[in-house]
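Examining the three-dimensional arrangement
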Amino acid sequence: MSFKKIEPKHIEGNVIAAFDNGWGLVTAGTEDNFNAMTISWGQMGCLWNRPVCTVYIRPCRHTYSFTEANDRFTVSLFDPTEYREPLMFFGTKSGHDTDKMHAPGLTHMEIDGCIAYKEAKYVLVVKKLYSQQFDPALVPEEVRTTNYKGVADDDLHRQYICLIEAAYERA
Ligand SMILES: Cc1cc2nc3c(=O)[nH]c(=O)nc-3n(C[C@H](O)[C@H](O)[C@H](O)COP(=O)(O)O)c2cc1C
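Residues numbered from 1 in each chain as written. Predicted model: local features only at pLDDT ≥ 70, side-chain atom pairs only at ≥ 80, totals over all residues.

Looking now at the overall build of the chain. A count of helices and strands for the chain gives four helices and 10 strands. In sequence order, the secondary structure elements of the chain are arranged as β-α-β-β-β-β-α-β-α-β-β-β-α-β. The C-alpha atoms of the chain give 15 Å as radius of gyration, which agrees with the globular expectation for 171 residues (16 Å, within 12%). With the C-alpha coordinates aligned to their principal axes, the bounding extent of the chain is approximately 45 × 40 × 30 Å. Buried residues in the chain amount to 34% of all 171 residues. For the chain, the proportion of contacts with a sequence separation of at least 24, taken over those separated by at least 6, is 71%. (Helix = DSSP H or I, 4+ residues; strand = E, 2+ residues; numbered from the N terminus. Rg over C-alpha atoms; globule rule 2.2 N^0.38 Å. Buried ≥ 20, exposed ≤ 12 C-beta atoms within 10 Å, placed from the backbone. Contact = placed C-beta atoms within 7 Å.)

Put into structure tokens, the structure is as follows:
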């Protein structure tokens, strides 16, 4: 599978569906030490006159230590009809106790000095611009009692607003 570089503005489809239905993989680290996890919360848009992608990662995720340690990482976006089984694997198993570098079903590749997945529909190479953990005092009560039931204050998601340095579409 090969990829062609495109303008971030030429990514097709609805952004909400891309995350909520298609799902993505955040992959951070290097060829010999990386981790990936499934995401369905995220946005793409424009901030500070730049194309950005925002993702949300809880500190308890193994991937979190990689997104904290690396300024650049990738967001691989998938077609909603493809690769559900491996994406569920990446979204239910943790690198804390599973070797996700050699997980079945998806093939990692090096791209612009980062790691992403050959089966993705789009690969975004991103660079952190701004990150901040959700402040428990500002999270709406109905979210606290549903999305964060039983979650400690210090394990609410950290948002990473990232510059889209490069976008690639599977050819
Ligand atoms: C469909 C789906 C979407 C998910 N979206 C997110 C997300 O946006 N942010 C997050 O922190 N966890 C999300 N998760 C949970 C992580 O993918 C999951 O906890 C994973 O096992 C973490 O892997 P890690 O510990 O190797 O980083 C999602 C899981 C699934 C199945």
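Once that is clear, we can look at unusual backbone geometry. You will see that Trp48, though not glycine, has its phi angle at about 55 degrees, which is positive. In this fold, Trp48 is placed in the loop between strand 4 (42-47) and strand 5 (50-57). Positive phi outside glycine occurs at Tyr83, with the angle close to 60 degrees. Relative to the assigned elements, Tyr83 resides in the loop between strand 6 (72-77) and helix 3 (84-92). Residue Tyr83 is classed as buried on the basis of its C-beta count, with 22 C-beta atoms lying within 10 Å.

Of all hydrophobic cores here, the largest spans 40 residues; its most connected members are Val26, Cys53, Leu124 and Val126. Top contributing element to this core by residue count: strand 10 (residues 158-170), with six residues. Setting aside residues up to four positions removed in sequence, Val26 forms contacts with Ala36, Met37, Ile39, Val55, Ile57, Thr63, Thr67, Phe73 and Val75. (Core = buried A, V, L, I, M, F, W, Y, C linked by C-beta atoms within 7 Å.)

Right, let's get into the pairing of strand 7 (residues 108-111). Look at any regular strand and the pattern is simple: side chains alternate between the two faces of the sheet. With four bridges connecting them, strand 7 and strand 8 (residues 114-117) associate as antiparallel partners. Across the sheet, residue Met109 finds its bridge partner in strand 8, namely Ala116. Hairpin connection of strand 7 to strand 8: two residues between the antiparallel strands, including Asp112 at a positive phi of 50 degrees. (Pairing = 2+ DSSP bridges.)

Bringing helix 2 (residues 62-69) into the picture now. Every buried residue belonging to helix 2 is among Thr63, Phe66 and Thr67, and all of these are buried. All buried residues of helix 2 fall inside an arc of 95 degrees around its axis, so they share one side. For helix 2, the secondary structure elements touched by its buried residues are strand 2 (24-30), strand 3 (33-39), strand 5, strand 6 and strand 10. (Arc of directions from axis to C-beta.)

So, about the environment of Gly29. Mapped onto the elements, Gly29 comes out in strand 2. Measuring from C-alpha to C-alpha, the distance between Gly29 and Phe73 comes to 7.1 Å, with 44 residues separating the pair along the chain. Once you skip the residues sitting within four places of it in the chain, Gly29 turns out to touch Phe34, Asn35, Phe66, Asn70 and Ile115.

What follows is about the site of the ligand. The local shell around the ligand holds 22 residues, among which His62, Thr63, Gly91, Ser94 and Gly95 are the closest. Secondary structure elements with two or more residues in the shell around the ligand: strand 3, strand 5, helix 2 and helix 3. Partitioning the shell around the ligand into residue classes produces seven nonpolar, 11 polar and four charged. (Near = placed C-beta within 6 Å. Nonpolar A, V, L, I, M, F, W, Y, C, P; charged D, E, K, R; others polar.)

The next subject is the environment of Tyr83. Separated by 61 residues in the primary sequence, Tyr83 and Gly22 place their C-alpha atoms 9.6 Å from one another. Not counting residues up to four positions away in its chain, the partners in contact with Tyr83 are Phe78, Gly105, Leu106 and Glu119.

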